[in-house]
Amino acid sequence: RGAATLILMEPVAEKRALGAKLGADILIDPIAEDAAAVLQERGIHRVSTVIECVGKVATMQQAIAIAGKKSTVMLFGLTAPADEMPIKPFEIFKKEITLKASFINPYTQKRALDLIDGGKIDVSSMVYACEPLDKLPEILADGKLRAKGKFIITP
């Protein structure tokens, strides 16, 4: 939809590899790398849109920090209801950042399904494994396993 350079910040190597396969131009391991330094090294001087999908206060603060002047920051990840985030209003003012949040939108499902059915989005590449229903408790209990990608559970 018009993005010039796609940057993926992802700590899980398998997900970074998948991101590259799906079209990410710059891959950053936020645990091992300084995101701001990587962007500067790659000649990225302004990030116009940041979409935070993790749902942690720290990553939301990071999204605001790496956003460029006149950018939009979409807080897509869901935090715990009681979480609070300290922000520096002057930073948002100085950069003229637009903060947005999302909530379940019942009107996007058909459009998403049409994109999938039309072959515009390959969701099969996001599937890590197909497992039987009896493996579900093991998968849900293992955060490292879940971090590898999406699972299809077959009855």
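Bear in mind the structure is a predicted one, so any value in this text is a computation, not a measurement. (Residues numbered from 1 in each chain as written. Predicted model: local features only at pLDDT ≥ 70, side-chain atom pairs only at ≥ 80, totals over all residues. Heavy atoms only, no water.)

Draft legend 1. Region of interest: the pattern of salt bridges. Applying the stated criterion to the full structure yields six salt bridges. Residue Glu 96 is joined to Lys 69 by a salt bridge in which the shortest nitrogen-to-oxygen separation is 3.0 Å. Of this pair, Glu 96 sits in the loop between α4 (89–95) and β5 (98–101) while Lys 69 sits in the loop between α3 (57–66) and β4 (72–75), and the two are 27 residues apart along the sequence. Residue classification places Glu 96 among the partly exposed residues on the basis of a relative accessible area of 40%. A salt bridge links Lys 95 to Glu 91; its shortest N-O distance comes to 3.4 Å. (Salt bridge = Lys/Arg side-chain N within 4 Å of Asp/Glu carboxyl O. Helix = DSSP H or I, 4+ residues; strand = E, 2+ residues; numbered from the N terminus. Buried < 20%, exposed > 50% of the residue type's maximum accessible area, 1.4 Å probe, protein only.)

Draft legend 2. Here's a closer look at the packing of aromatic side chains. The final tally for this structure, using the stated rule, is two aromatic pairs. Here Phe 90 and Phe 93 contribute two aromatic rings whose centre-to-centre distance is 5.9 Å and whose plane-to-plane angle is 40 degrees, an arrangement assigned as tilted. Pair noted here: Phe 90 and Phe 93 are both in helix α4, with a separation of three residues, about one helical turn. As far as burial versus exposure is concerned, Phe 90 and Phe 93 are alike and both exposed. The interplanar angle of 65 degrees and the centroid separation of 5.5 Å between the aromatic rings of Tyr 128 and Phe 151 together place this pair among those described as edge-to-face. (Phe/Tyr/Trp six-rings, centres within 6.5 Å; stacked < 30°, edge-to-face > 60°.)

Draft legend 3. Structural detail: unusual backbone geometry. Residues other than glycine seldom take positive phi values, yet Lys 70 does so here, at roughly 60 degrees. Checked against the element boundaries, Lys 70 lands in the loop between α3 and β4. For Lys 70, a relative accessible area of 55% translates into the label exposed.

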